[in-house]
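So you can see what is in the structure, the chains are spelled out below.
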Amino acid sequence: MAKAITICFKNPIKQSISSLAMKVAKRIEPNNVHAQQPYIFENENTITLIYNPTSTIIRKDANVFLGTCKSTNDLFEQNAPLPNGSYVLFRVGNKTVEIASDYAASRTLWYYNDSKLFMASTSQRMIVSFLGDFQLNKKACSWFLCTGTLGPGLSWDERIKIVPPRTRLILNRSNWQVSIDHNPNFNFAKIQSEQNNDLSYKIQLKNAVEKTIKGLKIDTSKWTLALSGGMDSRSLLFHLQNENLNSVTWGLSEALELPTSDASIAKNLAQICKMKHSYAKMDFKQNSFPILLERF
């Protein structure tokens, strides 16, 4: 998966840090992955790094868009309405910097700021790597031990903050103040119906999903659908079905022998739709636990 970070400096930097960016990209690369060449843009007060960039990422200088949306018009224009879609957005200007999450924060954004530095990234590790040190968040440890999650709004490093859903984070470069807009304009269309019953809601949902999928305008050959036997991915498959679309499922090898498992159902669904399908086996291997911990 691609990861991105944008770093802004209050004062112009005197020397290039692109070599440091290359080291950070190499540092976060797992030893079982061969990533694409990193994308780096740098000027005197900003550097943007994209680890393992893909052809679906839209970028322009320091500006980055990861995900998909209905319209890419005015995508990198400051203070323009946020697009309707699933994404993270970095708008980098001379006067302001905007970091935006979509309506559901489908991809988590993190940020750090102090009196001289501002960072926003899809990866906590990238922020920590550029900072050069790590300050453990004990609250996150407690949550992780109890629930397996970091806890609401928490990060591994106590200095890093989360960007909430449907939020536009704005850095004013003149006074170096960060403001948060929790109610950005997404230009959602309002649906009005004279009927208010289960059937009408079902029809509205069906129409909304169909309209959204058709409006994505994606090249299916460049995307992969995580496919299971569940209703969510199966519904997306129904609307997206295209012979050029790739699909993937993961699990234990023995699951392929069970006709009612996600593995078997996903494989059959892909065959019916004449789609490419791959299965990633997650079987335990002897002496693999230390490797897993190191990669984590």
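If you're wondering where the values come from, they're calculated on a predicted model, not measured in any experiment.

### Looking at the overall build of the protein chain
Then, number 1: Across its full length, the protein chain holds seven helices and 15 strands.
Then, number 2: In terms of overall dimensions, the protein chain is globule-like: its C-alpha atoms have a radius of gyration of 21 Å, near the 19 Å expected for 296 residues.
Then, number 3: Oriented by its inertia axes, the alpha-carbon framework of the protein chain measures out at about 60 × 60 × 40 Å.
Then, number 4: The buried share of the protein chain, reckoned over its 296 residues, is 38%.
Then, number 5: Across the protein chain, the fraction of contacts at a sequence separation of at least 24, relative to all contacts at a separation of at least 6, is 54%.
Then, number 6: Surface summary for the protein chain: the accessible area is close to 18,300 Å², and the carbon and sulfur share equals 52%.

### Overview of the nonpolar core
Then, number 1: Ile5, Ile7, Leu49, Met119, Ile127 and Phe130 are the most contacted members of the largest nonpolar core, which totals 23 residues.
Then, number 2: Secondary-structure elements contributing two or more residues to this core are strand 1 (3-9), helix 1 (18-27), strand 3 (46-51), strand 8 (109-113), strand 9 (117-121) and helix 2 (124-131).
Then, number 3: The leading source of residues in this core is helix 2, at four residues.
Then, number 4: Excluding anything up to four places from it in sequence, Phe130 contacts Ile5, Ile7, Leu20, Ala21, Val24, Leu49 and Met119.
Then, number 5: Membership of the second largest hydrophobic core comes to 22 residues, among which are Ile50, Val64, Val97 and Ile99.

### Some thoughts on the sheet that holds strand 6 (residues 85-92)
Then, number 1: Pairing is antiparallel across the open sheet formed by six strands, whose spatial order is 4-5-6-7-11-12. Lying at the two open borders of the sheet, with one neighbouring strand each, are strand 4 (58-60) and strand 12 (177-181). Across the sheet, the axes of successive neighbouring strands diverge by a mean angle of 15°, strand direction being ignored.
Then, number 2: Here five bridges tie strand 6 to strand 7 (residues 96-101), and the two strands are oriented antiparallel to one another. Bridging from a neighbouring strand, Val92 pairs with Val97 of strand 7.

### Description of the sheet that holds strand 9
Then, number 1: Pairing in this open sheet of six strands is antiparallel, and the strands run 2-3-1-9-8-10 from one edge to the other. Unpaired on one side and paired on the other, strand 2 (39-42) and strand 10 (161-163) mark the two borders of the sheet. Taking the axes of each pair of neighbouring strands and ignoring which way they run, one obtains an average angle of 15° across the sheet.
Then, number 2: Inspection of the sheet shows strand 1 paired to strand 9 by five bridges, in the antiparallel sense. Following the sheet pairing, Ile5 is matched in strand 9 by Ser121.

### Details of the side chain of Thr48
Then, number 1: For Thr48, the location among the structural elements is in strand 3.
Then, number 2: The exposure class of Thr48 is buried, given its relative accessible area of 0%.
Then, number 3: Of note is the side chain of Thr48, whose polar atom sits 3.0 Å from the side chain of Thr6.
Then, number 4: At a separation of 3.0 Å, a polar atom in the side chain of Thr48 contacts the main-chain carbonyl oxygen of Ala62.

### Observations regarding the environment of Cys273
Then, number 1: On the secondary structure map, Cys273 appears in the loop between helix 6 (262-272) and strand 15 (276-281).
Then, number 2: Along the primary structure Cys273 and Gln241 are separated by 32 residues, whereas in three dimensions their C-alpha atoms are 6.3 Å apart.
Then, number 3: If we skip the residues at most four places from it in the chain, Cys273 touches Leu237, Gln241 and Glu243.

### Details of the pattern of salt bridges
Then, number 1: Under the definition given, this model contains six salt bridges.
Then, number 2: Among the ionic pairs, Glu29 bridges to Lys26, the shortest N-O distance being 3.6 Å.
Then, number 3: Among the residues examined, Glu29 registers a relative accessible area of 21% and is labelled partly exposed.
Then, number 4: Judged by relative accessible area, Lys26 falls into the exposed class, the value being 57%.
Then, number 5: The salt bridge involving Asp133 is made with Arg159; its shortest N-O contact spans 3.0 Å.

### Description of the environment of Gly251
Then, number 1: You can see Gly251 is positioned in strand 14 (residues 246-251).
Then, number 2: Accessibility expressed as a relative area gives 15% for Gly251, which makes it buried.
Then, number 3: For the pair formed by Gly251 and Gly132, sequence separation is 119 residues and the distance between their alpha carbons is 36 Å.

Cut-offs and rules
- Residues numbered from 1 in each chain as written.
- Predicted model: local features only at pLDDT ≥ 70, side-chain atom pairs only at ≥ 80, totals over all residues.
- Heavy atoms only, no water.
- Helix = DSSP H or I, 4+ residues; strand = E, 2+ residues; numbered from the N terminus.
- Rg over C-alpha atoms; globule rule 2.2 N^0.38 Å.
- Buried < 20%, exposed > 50% of the residue type's maximum accessible area, 1.4 Å probe, protein only.
- Contact = heavy atoms within 4.5 Å.
- Areas by Shrake-Rupley, 256 points an atom, 1.4 Å probe, with all protein chains shown as cover.
- Core = buried A, V, L, I, M, F, W, Y, C linked by side-chain atoms within 4.5 Å.
- Pairing = 2+ DSSP bridges.
- Axes fitted to C-alpha atoms, helices over the stretch in contact; angles between N-to-C directions.
- Polar contact = N/O pair within 3.5 Å; in protein donor to acceptor, adjacent residues only side chain to side chain.
- Salt bridge = Lys/Arg side-chain N within 4 Å of Asp/Glu carboxyl O.

So yeah, pure geometry; function would need other evidence.
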